[in-house]
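# Architecture and fold: a report
For reference, the chains in residue letters:
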Amino acid sequence: MTTETDGYSQTQKKTATESEIRVRTGAAITLTGILVLYFSRYAYVLEAAAAVLSIMGIVELLRAAKCCTWYNLLLLSLIAAAICMRRLPYYTEILLFVWVLAIAGFALFMSRMKDVHSIGFGGILPCALMLPIFFYSAVEIRQWPQGLAVLIFVTLGCMVNDVAAYLVGKAIGTHKLAPIISPGKTVEGGLGSVILMSLIASLYAQCTGVEIRYGWLLLYLFLASVVGQFGDLAMSTIKRTAGIKDFSKVLPGHGGILDRFDSFLFVAPFAVLYSNMTGCFL
């Protein structure tokens, strides 16, 4: 006979197991990221990483849209590899156009989400094509004089933004950011992540001796936090429309590539565009 206490105990064990899986996967992702950053002085390492992330993301999008045929997958994978392994001419201009178009397109998608009941190949194609262009931003950043420091900061910022937004939002969050698309997101969580990243940036500058332009940095942190949460909501909109919880289970406890890198996907190109317009903040 199963008692209420036994059921509660089993729930606790299940929660603990899921947390352990999430922590182990997070540690593996972090270690892999450190290795990629360490060897990023070789351009082909980051190019290959961008291509792999793009192709895996394309698979997830095609599956979500229920159009993952071998032809669609092969065609889009070849395009993604070509973009990531060889820099596009006028890359910055193309990035600006695609990024602005993506922001406008997803904003419109979110506003009309209730009227959209499925996503076909035609709807998912622009999203699939934007992945390699956006992920290649990491390669672009690494080529700057302070490229490694900026790339580490951008990557760390996305990680901290996700964690801080979750923890602060859970502790004191009361104002929902987008209750229909992502009920867990709060305004307080977003502000908390900006404050925490400002403190981390100051500590990072003290430890590394990197000169920081604090005015531009604070503006970047605020805007990047907004952009990162927008990226999260954009991918969540696709999932809600497709009727799935996660894009895949390739990262146990975290979901798929687009579940884990949704913020970075939009923030990295924003960092490129922001730095080109204002000068790098580091």
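Residues numbered from 1 in each chain as written. Predicted model: local features only at pLDDT ≥ 70, side-chain atom pairs only at ≥ 80, totals over all residues. Heavy atoms only, no water.

## Description of the state of the cysteines
A full pass over the atoms with the stated rule returns zero disulfides. This cysteine, C67, is not joined by any disulfide, and C68 carries the nearest cysteine sulfur, 7.5 Å off. (Disulfide = S-S within 2.5 Å.)

## Side note on the environment of V52
Here V52 is to be found in helix α2 (residues 43-64). Spatially, the C-alpha atom of V52 lies 8.9 Å from that of A80, the residues being 28 residues apart in sequence. (Helix = DSSP H or I, 4+ residues; strand = E, 2+ residues; numbered from the N terminus.)

## Some remarks on the packing of aromatic side chains
Here the structure, examined in full by the defined rule, presents 13 aromatic pairs. Clustering of aromatic rings is evident, with ring pairs tying together W99, F153, W216, Y220, F270 and Y274. Its end group placed over the ring of Y38, R41 keeps NZ or CZ at 5.0 Å from the ring centre. (Phe/Tyr/Trp six-rings, centres within 6.5 Å; stacked < 30°, edge-to-face > 60°. Lys NZ or Arg CZ within 6 Å of the ring centre and 35° of its normal.)

## A closer look at the packing of helix α4 (residues 91-111) against helix α11 (residues 262-278)
It is at 10 Å that the axes of α4 and α11 come closest, and there the two elements cross at 125 degrees. Judged on the interaxial angle alone, α11 and α4 are oblique. In the crossing of α4 with α11, the sense of the turn from one axis to the other is left-handed. For the pair formed by α4 and α11, the contact residues are T92, L95, L96, W99, A102, I103 and F106 on the first element and F266, P269, F270, V272, L273 and N276 on the second. (Axes fitted to C-alpha atoms, helices over the stretch in contact; angles between N-to-C directions. Parallel < 35°, antiparallel > 145°, perpendicular 65-115°, else oblique. Left-handed = near helix turned anticlockwise from the far one by under 90°. Contact = heavy atoms within 4.5 Å.)

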